[in-house]
Amino acid sequence: MTENGITRTSRRAVLLAAGSAAGAALAAACSGPAGTRGAAGQASAPASPATAQPSSASASASASASASAGTTPACVLTTESGAGPYYLDLDRVRSDIREGRGGVPFRLDLTVVQASGGCRPVAGAAVDVWHADVAGEYSTGGATFLRGTQVTDAAGRCTFRTIVPGWYAGLAPHIHFKVRPDRRTETTSQFFFPEDLLLKVYALQPYARRDAPKHPNTRDSRFRESGAAMTLAPVSDGGGYRAAYTVGIA
């Protein structure tokens, strides 16, 4: 399938990167299992914040403003990706989105924090995820497999149980997500997977029914642009994998 209509990156989303001034609050928001990442795309220990260096004029301006005010910036701007043509606003609240779809199990633990509010956890935010199945197909029409919504708890956390997605159309395998803290605002982006993990998974059934691309990630310009920040750090979890990520919103 193709994914026409994907927009190029914008500056609307803010994803977490830790500064020393927000360390204590951020550690509480970000602590989680091994494999946790923040927006900087750097693996971190369970109770340690992710770190990043500002990489844009906007980020530098934000850092300079904060420095002149005598504080250390806790968050920097980074890219947001389009939802693509397969987003459906179903509000289907559930943690397990597999609906019997085969594939290597994958657990995704997310923490949502407010970057403009000292990176404090955001409770009650709706988080949508959706992605392709092992054959690279999205649920459309009346189908709802591999789609779901969770509402963050008091710690800003929610969990999805799904599968490692398949590949399609020359794009890096990915999981779309959308965070809606209220009815007026939203942040949309996507997660990628390490290429070595994908190749390992795609050698297994039912993925192996198709010939996997030799380089499922690097052939995609979107991955080359934002993969460093948005690639998960999965770890083994029984017969599958799990990963955690902290998403900051404005």
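Now for a look at the structure at hand. (Residues numbered from 1 in each chain as written. Predicted model: local features only at pLDDT ≥ 70, side-chain atom pairs only at ≥ 80, totals over all residues. Heavy atoms only, no water.)

**Remarks on the packing of aromatic side chains**
(1) Moving on: Evaluated as defined, the whole model comprises seven aromatic pairs.
(2) Moving on: Ring geometry for F177 against F191: centres 4.3 Å apart, planes inclined by 15 degrees, an arrangement best described as stacked. Residue F177 is found in strand β9 (residues 174–180), and its partner F191 is found in strand β10 (residues 187–192); the two are separated by 14 residues along the sequence. Each member of the pair, F177 together with F191, is buried.
(3) Moving on: Here the aromatic cluster, defined as three or more aromatic residues joined through ring pairs, consists of W167, Y202 and Y207.
(4) Moving on: Above the ring of F145, the side-chain terminus of R101 is found at 3.6 Å from the ring centroid. (Phe/Tyr/Trp six-rings, centres within 6.5 Å; stacked < 30°, edge-to-face > 60°. Helix = DSSP H or I, 4+ residues; strand = E, 2+ residues; numbered from the N terminus. Buried < 20%, exposed > 50% of the residue type's maximum accessible area, 1.4 Å probe, protein only. Lys NZ or Arg CZ within 6 Å of the ring centre and 35° of its normal.)

**Things to note about the pairing of strand β4 (residues 105–114)**
(1) Moving on: Summarising burial for β4: seven of the ten residues are buried, a large majority.
(2) Moving on: Where β4 meets strand β8 (residues 157–163), seven bridges bridge the pair, whose relative direction is antiparallel. The residue of β8 that forms the bridge with F106 is T162.
(3) Moving on: The sheet contact formed by β4 and strand β12 (residues 240–249) spans nine bridges and is parallel. (Pairing = 2+ DSSP bridges.)

**Some thoughts on the sheet that holds strand β6 (residues 126–130)**
(1) Moving on: The four strands are arranged β7-β6-β9-β10 in an open sheet whose pairing can be described as antiparallel. Looking at strand neighbours, the two that pair on one side only are β7 (147–151) and β10, the edges of this open sheet. For this sheet, the mean angle separating the axes of adjacent strands, direction not counted, is 20 degrees.
(2) Moving on: When β6 meets β9, the two strands line up antiparallel, connected through five bridges. Its bridge partner being in β9, W130 is matched across the sheet by H176. (Axes fitted to C-alpha atoms, helices over the stretch in contact; angles between N-to-C directions.)

These figures come from the coordinates and say nothing about function on their own.
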